[in-house]
Structure formats: C-alpha cells, structure tokens
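Chains, contacts and geometry: an overview
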Amino acid sequence: MNEYDSTRIANLLLASHNLELTTTPEEADVLLLNTCSIREKAQEKVFSQLGLWRIWKQKRPNLIIGVGGCVASQEGQDILDRAPFVDLVFGPQTLHRLPQMLVDVQQHRNAVIDTSFPQIEKFDCLPIPKAEGPTAYVSIMEGCSNYCTYCIVPYTRGEEFSRPVVDVLSEITTLATQGVREITLLGQNVNSYAGIFPDTEDTTVDLAALIRYVAAIDGIERIRFTTSHPKDISESLYLAFVEEPKLAGHVHLPVQSGSDRILAKMHRGHTVSEYLALIERLRQSRPNISISTDLIVGFPGETAADFEDTMELVDTVGFDYAYSFIYSPRPGTPAIEYPDSIPIAEKQDRLLRLQALIKAKTQTANQRLVGSKQRILVERQARKTSQQLIDKMDKSIQELASSITGLETESMDKHWQQLAGRTEQNRVVNFIGPLDIIGRFVTVHITEALPNSLRGILCN
Ligand code: 5AD
Ligand code: SF4
C-alpha cells in the first residue's frame, strides 16, 4: 500500500509542480519520506533517515522536507518537535493535499501539518495513473475496521472505506490502454469491499462482483487481490475462483497464529478449524491454488504450546510462502497493555524455528513445479546476461521467441536478457528471452527451484 501511495505522490507532484523523481536524493528540491509504523523497527528508521537529511538542509536551506504515511499519522506534531527542520507532515489519507501544502510552505516557510481522514476526497484529487510496466496496483478500499489488538493500522489509516466501483473501473481501463495486463486490487481488507454504483447508493458491489467487472475490461488478463481477512471470505469469492479464469490462483490469507487462545486474544474473529475449513474450500474451488500467509510469534502470553500449535498449522497447510514477525508492541493498541513475560531470546528462537519450517515448505512447493509448464507474464529484465550464455542457447528457443514477437531472430539477438515474470500462483520465474517479450504472456518450462524463485526455459 505504501509503494502504491508513493507512486501516487510522484504522479501528483509531477502534475502540480512539475517535480520529477531523482535518483540522486542529495540534489533534490523536495525530499518526502513515506513511512510505515506497522512494527517498531520501521518506525525507528524514520528518525535516522531524517538525521541525514537535516545535514543536507543545513547546506541548502531551501530544501523542503516532508514526512508522510503512518508514522506521520501517528506522531503528527511530535515529528516537528523532534525534527523541527521538517516542513510538511501529511497522513496516508491527505497525500492528495500535498500540492497545496507545498505552496503554503513555499509562501510562508512555516511547517504545515495535515493528518486528517477526509477519506474518499483523496481519490477524486489524484491524477490519472501512469503505468510502469505490465502490472499495476489499484486501491479499492483503504483503512481497516477490524482492530486486531496488536495492529496500528486502524488508527493510522482510519476506518475502512471502499472506493466507488466506477472509479476503480475507470482507473483500470486507463491502465489497460497503457499496456497493463495484470491488476492487483489493493486494500487492508479487500474481502469487505462494498463499492457503490452511481445512482444506486443502497446497493453495493462485493469483491467477487468487482473482479468480474475488472475481468471484462479489454486487455486485463490476470487479476489478483491483497490482503484478505479470513473472517470475511464470502461464498461469492469461492465461486469466482471456480468461474473466473482471469482470477489468478493465489490467495494471501494472513492467519497470524495457530492457537485458538491467541487468535481470540488477537481479536481475529475466527478459530484454527474455521481457517482450515476456508483453505479446504479454496482448494476445492481452485485445485492448484497457492496460499501464503502472515504469522506473528511471541504475542503477549503465547506459551510454548501455543507456538507449537502455530508450527503444526504451518505444517498442515503447507503454505507456499509466509511472512513471519516477532510481535512488536504498538502505541495506542490494546495489546500493548497485555502482560508480556516471554524473554526476547525465546521469541527470536521461536521465529528462527518457524522460519526454518516455512523455508522447507516453500522449497517443497517450488520443487513440485519443476518439470511443469507455467504461463508467465513477463514483467521486467532481471539482470544483465552475458553474451556467452545467450550464444549457448538453443536456436529453437530463439525461433520460438521470434514467432511470439513477430521479429527476426537476428534483430532480437542483442536484446536477449535474463527476464523475470510471475506464474499465476505468484512465483517469480527467471529465464532468458528477448526484451521484446516484456509485457506479454509466454509459456516457460520450469527447470530449477531456488529458495525464493524458479528458473526456466522459454517454450511453447
Ligand atoms: N507486530 C508484529 N507484526 C505485526 N503485523 C501487524 N502488526 C504487527 C505488530 N504489532 C504483521 C501482521 C500483518 C502484517 C502486515 O504485519 O502479520 O498481517
Ligand atoms: Fe491490522 Fe490487518 Fe487486523 Fe486490519 S485486519 S487491524 S490491517 S492486522
């Protein structure tokens, strides 16, 4: 979500102030830090980065420094108290007001703060997006009203609200005309999407219906969504997995813990067996679906037995991949008040054990794909490839690429590179091919499973 917001900030300031992104921040006129406060570590980075920028500003007093995102939302005025050289503080829901805030700073040289939640106004004020490559994120809802007891998001991004259907569809249509083939529908809790239609404000469209509308847009070939909440998965979504081939076979479904006792203390609204039943339904609806998750270890009061339950859940489900974190107490959340007697060394130990198990499961899932053929949307050049490697390549693959692109093999030779794309199940695949196929769907024969990616050969 933050990456998406950063892109929107860049588009916005290009349109309003003709500000261009630079790769040399030392020379920038405006420096903006888009911050995350989900865990303490992310938050700490903000002030160390600002410390460096302060030195730059001493040399160039006209430099404008802004802090946005969830840390800004959480800390507000405190940022200015701790870092008085900051000119702008804006929250995740006020980034669209940046052009005016920038004008105010330039005119008055006074610090400007706005971390309110004006909600939908944000989308109305953002310029039409510019595609960067064949995949794009599109925000469909923002904020969260789940109030998991450890989580800061409802306080920094506000309560959940859905973007109107027509706004979402027109943004995607624009992206499709710019060559985007894959859309990821984005939100903290996309399963509770309820978008209004114009003129019919009493009926809303759910995520599954939205997916079907998106699938009908010319050029869009693959649809993903993230992030899901287990308690909000609907019957209509299972049906979408059965019926909508453009809906990619992957769900990121955070479970957080494998212990019912901890899930209840986290206020997650479901049990382990309910979660397992969801996984079962998803696998029935789309047999080869891949499932990933988020896990927290060391939540206050997590006993050794609770942790073993989490290990068992990971073992049972066999997640394709998972992100895992040590619980980080966040200011203003209920869990910060819970007695927490687990020593940090014990938490680290649990995390290491969990991550070793996750790694083994990912390796198994990746290994299972070796020998299969996968449909890949070619996204980008992975890294430079030596001419030697390309010369060694089978002529038949060059001919195949030539038939895909309609280009002569000779004219493509100098463009051969290591390319990267993702399978429908969201696995990164690296393979050698001509740059000209970036943005297209191709078939790749998987030859090797690495810890976090796959390697393959272009085929038909
Ligand atoms: N401590 C550790 N991890 C957290 N997450 C959210 N809040 C916290 C916290 N206070 C994790 C959850 C969530 C992911 C985005 O970040 O696993 O799914
Ligand atoms: Fe945070 Fe996700 Fe829970 Fe919302 S559903 S409170 S974003 S962990």
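Scope of this entry: the structure provided in the associated data block. (Residues numbered from 1 in each chain as written. Chains lettered and ligands numbered in written order. Predicted model: local features only at pLDDT ≥ 70, side-chain atom pairs only at ≥ 80, totals over all residues. Heavy atoms only, no water.)

Our focus in this paragraph is the sheet that holds strand β11 (residues 222-226). Taken together, 3 strands build an open sheet; the order of strands is β5-β8-β11 and the sheet is parallel. Strands with a single pairing partner mark the edges of an open sheet, and in this sheet they are β5 (135-139) and β11. Strand-to-strand twist in this sheet, taken as the mean axis angle between neighbours without regard to direction, amounts to 25°. Alignment of strand β8 (residues 182-186) against β11, held across 5 bridges, turns out to be parallel. Directly across from Leu-186, in β11, lies its bridge partner Thr-226. (Pairing = 2+ DSSP bridges. Helix = DSSP H or I, 4+ residues; strand = E, 2+ residues; numbered from the N terminus. Axes fitted to C-alpha atoms, helices over the stretch in contact; angles between N-to-C directions.)

Spatial strand order, β1-β2-β3-β4: 4 strands in an open sheet with parallel pairing. Unpaired on one side and paired on the other, β1 (30-35) and β4 (112-114) mark the two borders of the sheet. In this sheet, adjacent strand axes meet at a mean angle of 10° when their direction is disregarded. Sitting on the sheet, helix α1 (residues 2-17) is in contact with β1 and β3 (88-90), with an inclination near 155° to β1. Sheet strands touched by helix α5 (residues 98-108): β1, β2 (64-68), β3 and β4. Its angle to β3, the strand with the most contacts, is close to 160°. (Contact = heavy atoms within 4.5 Å.)

Moving on: the environment of Ile-220. By secondary structure assignment, the location of Ile-220 is in the loop between α9 (207-215) and β11. In this structure, the C-alpha to C-alpha distance between Ile-220 and Asn-11, residues 209 residues apart in sequence, is 22 Å.

Another point: α5. A turn of α-helix holds 3.6 residues, and therefore any two residues three or four places apart point the same way. Where α5 is concerned, the buried positions are Leu-98, Pro-99, Met-101, Leu-102 and Val-105. One side of α5 holds all its buried residues, which, seen down the axis, span an arc of 165°. Across α5 from its buried face, at more than 90 degrees, point the exposed residues Gln-107 and His-108. Once α5 finishes, Arg-109 follows within two positions and takes phi at roughly 50°, a positive value. (Buried < 20%, exposed > 50% of the residue type's maximum accessible area, 1.4 Å probe, protein only. Arc of directions from axis to C-beta.)

What follows is about helix α2 (residues 40-59). With 20 residues, α2 ought to run about 28 Å at 1.5 Å a step, and its terminal C-alpha atoms sit 31 Å apart, in line with that. Turning to α2, its buried residues number three or more, namely Gln-43, Val-46, Phe-47, Leu-50, Trp-53, Trp-56 and Lys-57. Elements that come into contact with the buried residues of α2 comprise β1, β2, α3 (69-75) and α4 (77-82). (Expected span 1.5 Å × (residues − 1).)

Membership of the largest hydrophobic core comes to 57 residues, with the highest contact counts inside it found for Leu-185, Leu-210 and Phe-225. Not counting chain neighbours up to four residues away, the residues in contact with Phe-225 comprise Thr-184, Leu-185, Val-190, Leu-207, Ile-211, Leu-237, Phe-241, Leu-247 and Val-251. Leu-50, Trp-53, Leu-63 and Ala-83 belong to the second-largest nonpolar core, a separate cluster that totals 19 residues. (Core = buried A, V, L, I, M, F, W, Y, C linked by side-chain atoms within 4.5 Å.)

Time to look at the site of ligand 2. The environment of ligand 2 is made up of Cys-144, Asn-146, Tyr-147, Cys-148, Tyr-150, Cys-151, Val-153, Pro-154, Gln-188, His-229 and Arg-268. Taken together, the residues of the shell around ligand 2 break down into 7 nonpolar, 3 polar and 1 charged. (Near = heavy atom within 4 Å. Nonpolar A, V, L, I, M, F, W, Y, C, P; charged D, E, K, R; others polar.)

Neighbouring residues of ligand 1: Ile-38, Arg-39, Tyr-150, Gln-256, Asp-294, Ile-296, Phe-325, Ile-326, Tyr-327, Ser-328 and Arg-330. With respect to ligand 1, the side chain of Arg-39 contributes an N or O atom lying 3.0 Å from an oxygen atom. Between ligand 1 and Gln-256, the relevant distance is 2.6 Å, taken from an oxygen atom to a side-chain nitrogen or oxygen of the residue. Coverage of ligand 1 by the protein chains reaches 87% of its 400 Å² of free accessible surface. Elements with a contribution of two residues or more to the shell around ligand 1: β13 (290-297) and β14 (321-326). (Polar contact = N/O pair within 3.5 Å; in protein donor to acceptor, adjacent residues only side chain to side chain. Areas by Shrake-Rupley, 256 points an atom, 1.4 Å probe, with all protein chains shown as cover.)

Below, the discussion takes up the packing of helix α8 (residues 165-177) against α9. Here α8 crosses α9 at 35°, and the two axes come no closer than 10 Å. Of the two elements, α8 crosses α9, and the hand of that crossing is right-handed. Residues Val-165, Val-168, Leu-169 and Ile-172 of α8 form the contact with α9, whose participating residues are Leu-210, Tyr-213 and Val-214. Looking at the contact of α8 with α9 residue by residue, the class counts come to 7 nonpolar, no polar and no charged. (Left-handed = near helix turned anticlockwise from the far one by under 90°.)

Taken together, the side chains of Asp-260, Glu-274, Asp-309 and Glu-312 make up a negatively charged region of the molecular surface. Inspection of the secondary structure assignment puts Asp-260 in helix α11 (residues 260-266). Overall, the relative accessible area of 41% leaves Asp-260 in the partly exposed class. (Patch = residues over 30% accessible without salt bridge, like charges linked within 9 Å, V, L, I, M, F, W, Y side chains within 5 Å. Salt bridge = Lys/Arg side-chain N within 4 Å of Asp/Glu carboxyl O. Lys, Arg positive; Asp, Glu negative; His and termini not counted. Charge placed at Lys NZ, Arg CZ, Asp CG, Glu CD.)

Time to look at the packing of aromatic side chains. Tallied over the entire structure, the rule returns 7 aromatic pairs. When the ring of Phe-299 is compared with that of Tyr-338, the centres are 6.1 Å apart and the planes differ by 85°; the resulting orientation is edge-to-face. On the criterion of sequence distance, the pair formed by Phe-299 in the loop between β13 and α13 (304-317) and Tyr-338 in the loop between β14 and α14 (344-369) is long-range, its members being 39 residues apart. Relative accessible area serves as the criterion here: at 0%, Phe-299 is assigned to the buried category. The class of Tyr-338 is partly exposed, set by a relative accessible area of 26%. A centroid spacing of 5.9 Å and a plane angle of 75° characterise the contact between Tyr-321 and Tyr-323, whose relative ring orientation is edge-to-face. Chaining the aromatic ring pairs together yields one cluster made of Tyr-150, Phe-299, Tyr-327 and Tyr-338. The ring of Phe-325 carries the charged tip of Arg-39 above its face, separated from the ring centre by 3.6 Å. Above the ring of Phe-47, the side-chain terminus of Arg-82 is found at 3.7 Å from the ring centroid. (Phe/Tyr/Trp six-rings, centres within 6.5 Å; stacked < 30°, edge-to-face > 60°. Lys NZ or Arg CZ within 6 Å of the ring centre and 35° of its normal.)

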